[in-house]
Amino acid sequence: MGHREIALMKLADRKLTVMRKPKQSPRQRFNKFIQTTTRKIKLRWFRLRGGQIVNFLHIPKTGGSAVKNAIGNNLSTKQYKVHLRGHSCHLKEIPKGDKFFFFLRDPAQRFISAFNHKKSGKKRWKHKKFAEETAALARFQTANDLAESLSSDCEETKQAAVAAMNCIEHVNTFYLDWFYSQEYFLSRLPDALYIGFQESLDQDFLALMQILKLPNVTHLPARDSLEANKNSAALSTELTQTANENLKVWYADDYDFLRLCQEKAPDVLANYQRGPA
């Protein structure tokens, strides 16, 4: 199976996954409503007083859990109030004029992390494609097995791999799910406060701290801690050349977006590296 065929199969078969949150009791829904309403009122009041709202777009498996845990107790400074968004928040939901920051990662490495996260059984919940996800995780033993199978000579194996890519949570998402299109992202670039990368997380987080003027005691959790949400070292992270090539085709749009952000990140940083006056 050639790369063009993989791309066409991806285009034909992929559907956006609509996640279903676990059911909540009436009291839980009421408490959630009160919390959300209170937060919105506080953010609006802060904005009216001339403060700047900063939103963290949390793209799964890019180091976001570590960032959230690091700044979770320091969400307000004199000029910034940080709003830690969940996985379901997209750029279009952030009001124009509000700032945002996010982290990205090499798509193939993000795929490995997402697959191993699900393979480990941590934090699995019954979303819309849970049954299909369970079957896919049972069939493919490693991330490499799944990636290689995208170009298998066996049509049934190939189809099963495509189905798995479309049903395993986080594996089945793409960067533009959060940013809509490159054109829309570029139209919102003036609102970007910072663009970081998981591969340079420690260095980038220090730069973010300086921009937000967070206390010096703020630091990332240890890489192997629960707060960092790191996968077990026992899970394989190796990819063959075939697996890598298949993933470059499957996540072609992600690689394009990653390159765009790598190009724009220095300009975004230059605007804010001195922090607000």
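What counts as what
- Residues numbered from 1 in each chain as written.
- Predicted model: local features only at pLDDT ≥ 70, side-chain atom pairs only at ≥ 80, totals over all residues.
- Heavy atoms only, no water.
- Helix = DSSP H or I, 4+ residues; strand = E, 2+ residues; numbered from the N terminus.
- Buried < 20%, exposed > 50% of the residue type's maximum accessible area, 1.4 Å probe, protein only.
- Contact = heavy atoms within 4.5 Å.
- Areas by Shrake-Rupley, 256 points an atom, 1.4 Å probe, with all protein chains shown as cover.
- Expected span 1.5 Å × (residues − 1).
- Polar contact = N/O pair within 3.5 Å; in protein donor to acceptor, adjacent residues only side chain to side chain.
- Pairing = 2+ DSSP bridges.
- Right-handed = clockwise from strand over helix to strand, strands pointing away.
- Core = buried A, V, L, I, M, F, W, Y, C linked by side-chain atoms within 4.5 Å.
- Phe/Tyr/Trp six-rings, centres within 6.5 Å; stacked < 30°, edge-to-face > 60°.
- Lys NZ or Arg CZ within 6 Å of the ring centre and 35° of its normal.

Considerations on the overall build of the protein chain
Here comes step 1: A count of helices and strands for the protein chain gives twelve helices and four strands.
Here comes step 2: Burial status across the protein chain gives 47% buried among its 277 residues.
Here comes step 3: The long-range share in the protein chain, meaning contacts at least 24 apart out of those at least 6 apart in sequence, stands at 79%.
Here comes step 4: Surface exposure of the protein chain reaches about 14,900 Å², of which carbon and sulfur atoms provide 53%.

Description of helix α2 (residues 26–48)
Here comes step 1: An ideal rise of 1.5 Å per residue puts 33 Å on 23 residues; α2 measures up with 33 Å between its terminal C-alpha atoms.
Here comes step 2: Where α2 is buried, its residues touch β1 (52–57) and β2 (80–84).
Here comes step 3: Positioned one or two residues after α2, G50 has a phi angle of 95°, which is positive.

Observations regarding helix α4 (residues 107–119)
Here comes step 1: Between its first and last C-alpha atoms α4 spans 18 Å; for 13 residues at 1.5 Å apiece the expected length is 18 Å, and the two agree.
Here comes step 2: Those residues of α4 that sit buried are P107, A108, R110, F111, I112, S113, A114, F115, N116, H117 and K118.
Here comes step 3: Structurally, α4 contributes buried residues whose contacts are with α5 (130–139), α6 (143–149), α7 (155–167), α8 (176–179), α11 (241–250) and α12 (252–272).
Here comes step 4: By the N-cap criterion, in which a side-chain oxygen at the helix start approaches the backbone nitrogen of a residue two or three places on, α4 is capped by D106, the distance to A108 being 3.0 Å.
Here comes step 5: A positive phi of about 85° marks G121, the residue just after α4.

Considering the pairing of β1
Remark: a regular strand shows side chains that alternate across the two faces of the sheet.
Here comes step 1: Burial within β1 is extensive, with five of its six residues counted as buried.
Here comes step 2: Two elements, β1 and β2, share five bridges in a ladder whose sense is parallel. Looking across to β2, one finds that I53 is bridged to K81.
Here comes step 3: Taking the sense of rotation as the criterion, the β-α-β connection linking β1, helix α3 (residues 64–71) and β2 turns out right-handed.

Description of the nonpolar core
Here comes step 1: One finds F111, L146, M165, I168 and Y251 to be the most contacted residues of the largest nonpolar core, which totals 27 residues.
Here comes step 2: Looking at this core, the elements that each hand over two or more residues are α4, α5, α6, α7 and α11.
Here comes step 3: Sort the elements by how many residues they give to this core and α7 lands first, with six residues.
Here comes step 4: When neighbours within four sequence positions are excluded, L146 is seen to be in contact with F111, F115, F140, A161, A164, M165 and I168.
Here comes step 5: F100, F179, I195 and F257 belong to the second-largest nonpolar core, a separate cluster that totals 23 residues.

Points about the packing of aromatic side chains
Here comes step 1: Under the criterion given, the structure shown has 14 aromatic pairs.
Here comes step 2: Members of the aromatic cluster, each reached through a chain of ring pairs, are F100, F102, Y175, F179, F185 and F257.
Here comes step 3: It is K92 that lies over the ring of Y180; its NZ or CZ is 3.4 Å from the centre.
Here comes step 4: Note that K92 overlies the ring of Y184, its terminal NZ or CZ placed 5.3 Å from the centroid.

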